[in-house]
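Summary of structural features
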Amino acid sequence: MSSSRKSVIIIGSGIGGTALAARLSHKNFDVTVYEKNSFSGGRLSLIHKNGFRFDQGPSLYLMPKVFEETFDDLDESVNDHLDLLRCKSNYTLNFHDGDKFELSCDLANMFEQLRKYEGSDERTFLNFMDYLKETHVHYERSVALALKENYEHWYDEFQLRHIPNVNKMHLWDNVYNRAKRFFNSEKMRKAFTFQTMYIGMSPFDSPAPYNLLQYTEIVEGIWYPRGGFHKVIESLENIATKKFDAEFRYEMGVEKIIVDGNNVAKGVRLENGEEKYADLVVCNADLVYAYNKLLPPTTYGTRLGEKGELTSSSISFYWGIKRKMPELDVHNIFLSKDYRSSFDDIFKRHLLPEDPSFYINVPSKIDPSAAPNGKETVVLLLPMSHISQCNQHRIDELIKTARMKVIKRLESCLGISNFEDLIETEEINEPRTWQTKFNLWKGSILGLSHNILQVLHLRPSTRSHLFKNLYFVGASAHPGTGVPIVLCGAKLVEKQILEDCGLIKRTDRRAKIFMEYFAFIIAVATFFYILMNLLY
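Here goes a summary of the coordinates provided.

The rules behind the values
Once a new chain begins, its residue numbering starts again from 1 and follows that chain's sequence as written. Thresholds applied to this predicted model are a pLDDT of at least 70 for local features of residues and 80 or more for the giving and counting of side-chain atom pairs; totals over whole chains, interfaces and linings are not thresholded and use all residues. As a rule here, side-chain values come from all non-hydrogen atoms in the structure, and water together with hydrogens is ignored. Under the scheme used here, helices are H or I runs from DSSP no shorter than 4 residues and strands are E runs no shorter than 2 residues, and both carry numbers assigned from the N terminus. Here's how the labels work: a residue is buried when its accessible area is under 20% of the maximum for its type, exposed when over 50%, partly exposed in between, all with a 1.4 Å probe on protein chains only. In protein, a polar contact means a hydrogen-donor-capable atom and an acceptor-capable atom, both N or O and within 3.5 Å, with residues adjacent in sequence counting only if both atoms are side-chain atoms; elsewhere, any N or O pair within 3.5 Å suffices. What we call a nonpolar core is a set of buried Ala, Val, Leu, Ile, Met, Phe, Trp, Tyr and Cys residues that are connected through their side-chain atoms within 4.5 Å. Here, any two strands with at least 2 DSSP bridges between them count as paired.

Here's the deal with the side chain of Gln454
On the secondary structure map, Gln454 appears in the loop between helix 15 (431-438) and strand 19 (470-472). The buried category is assigned to Gln454, whose relative accessible area is 10%. A polar side-chain atom of Gln454 sits 3.0 Å from the main-chain carbonyl oxygen of Ser449.

Right, dumping it as structure tokens:
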């Protein structure tokens, strides 16, 4: 590493680590990324088998403006790197009784379908418009307040300017309860709440602002990068390495983060025994794993590992299908009859739901390069509990049961009598796979949950409060999980590092906030003093 500029080691080449490598190398830092696997992208990586290409993790390109901003900040245009394909329809929803509902950006089509379930009078239209209005507020304010700002201390959150937002954001309500205000039928309540599965949570527990997911899908659409979601990673890595001289080193797993006697992060010890040193260390590995496996033992790390509320895991089937599948859309949701019970099975009882909901992505329908001619690539994701005491010895049995249940449901719903015979090739990721392949704590695919006690200043900070010169980017750190959210996190970490290195001016937020409160108290006291004098 060059001694003329600050050196940074980044652990992991997931979306957060790769984006931050590009950002910091753009700002003239000497960046080296160490990745345990032979491939890049973490959960955004690909599986190739017999001519089929599978997105191992995310398949929904949402919140496109966040991606645009990332490339803009690197003096690049996203359109020069990604060929983005827009889905004509967002989803086909399949209910337990055979009914279907198409979610799309075509509002005229949506209204026509809503009438079937909600009634044909004007209240159906007005309720839906009110729903969009509320989700718009949640989306815009969440982006401004949660994704664009850091919350290291309690006083960062409790600012006077945030007070008007508390009621408008409905922070103490949940996604399902908000949907009940606008939709009368149980089916439409399901249709506009299942999206919390993408943050690994139940709609009955997810804070209300997370219905921003529904908003971005309806208003901004669902996209797909030609060649697979991994193209995002490839593009950012190419910018980092070819334009800004960052270095990515694969099959170089990190065994420990080196911390000196003053709790300062100095570098990393690799699994091969080599030690590498740098001025700063950024961890894009799973945060809970890092605090428990890569760093010296701490009460904080133990508490996160034992008591931190985790998102779900999944059983993901990657199927190469022998023929085209006109019965399926690009994105398909199969919803459980016992909707709430199925979520409780996952998050409260740590079981495989008796009647599971699941998601199917068929990327070859929008990007034919994902499968050989005349065939189809199918990825089926079935949420289940992370590894726990009650399921850790039953996972093989649960996989077998899950496979049987989803194939039976597909045959019934799609009118196919021999679906299993259509499967030409199969790969499976399950909780143990997620744990071993990507070091995800207990196999939780989306890290720490976003319940009200694990967001904003209560979520693990992007700058470690225990070890100096150590930073975190990724799903379990602020602002949270999901590709666009982690991209926002990478920008926040970049700003922190630039401030800490004296390259940009640090804002003294504490003094400003306390002055605001002091002025507020003086104003209130003056008001009551005048009022008392007028009355008496």
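Here we look at helix 9 (residues 212-220)
Note on helix geometry: an α-helix contains 3.6 residues per turn, so any two residues three or four positions apart are oriented the same way. Burial analysis of helix 9 places eight of its nine residues in the buried class, which makes it a mostly covered element. Following helix 9 by one or two positions, Gly221 has its phi on the positive side, about 85 degrees.

Observations concerning the nonpolar core
Leu93, Phe101, Phe128, Phe192 and Phe194 are the most contacted members of the largest nonpolar core, which totals 93 residues. For this core, the leading source of residues is helix 16 (residues 483-500), giving nine residues. Ala265, Val268, Leu270 and Leu470 belong to the second-largest nonpolar core, a separate cluster that totals 29 residues.

A closer look at the pairing of strand 14 (residues 313-321)
Of all nine residues in strand 14, nine are buried, a share of seventy percent or more. Side chains Ser313, Ile315, Phe317, Trp319 and Ile321 project from strand 14 onto one buried face, and the interleaved Ser314, Ser316, Tyr318 and Gly320 project onto a second face that is buried too. The pairing of strand 14 with strand 17 (residues 376-384) spans nine bridges and is classified as antiparallel. Paired with Trp319 across the bridge in strand 17 is Val378. Two elements, strand 14 and strand 18 (residues 423-429), share six bridges in a ladder whose sense is antiparallel. Each residue of the ladder has a partner; that of Tyr318, found in strand 18, is Glu427.

Considerations on unusual backbone geometry
Here the residue pair His478 and Pro479 is connected by a cis peptide bond, since its omega of 5 degrees sits within 30 degrees of zero. Look at Asp75: it is not a glycine, yet its phi comes out positive at around 60 degrees. Of note in the backbone geometry, Lys442 takes a positive phi value of approximately 60 degrees without being a glycine. With respect to the element layout, Lys442 can be found in the loop between helix 15 and strand 19. The exposure class of Lys442 is partly exposed, given its relative accessible area of 27%.

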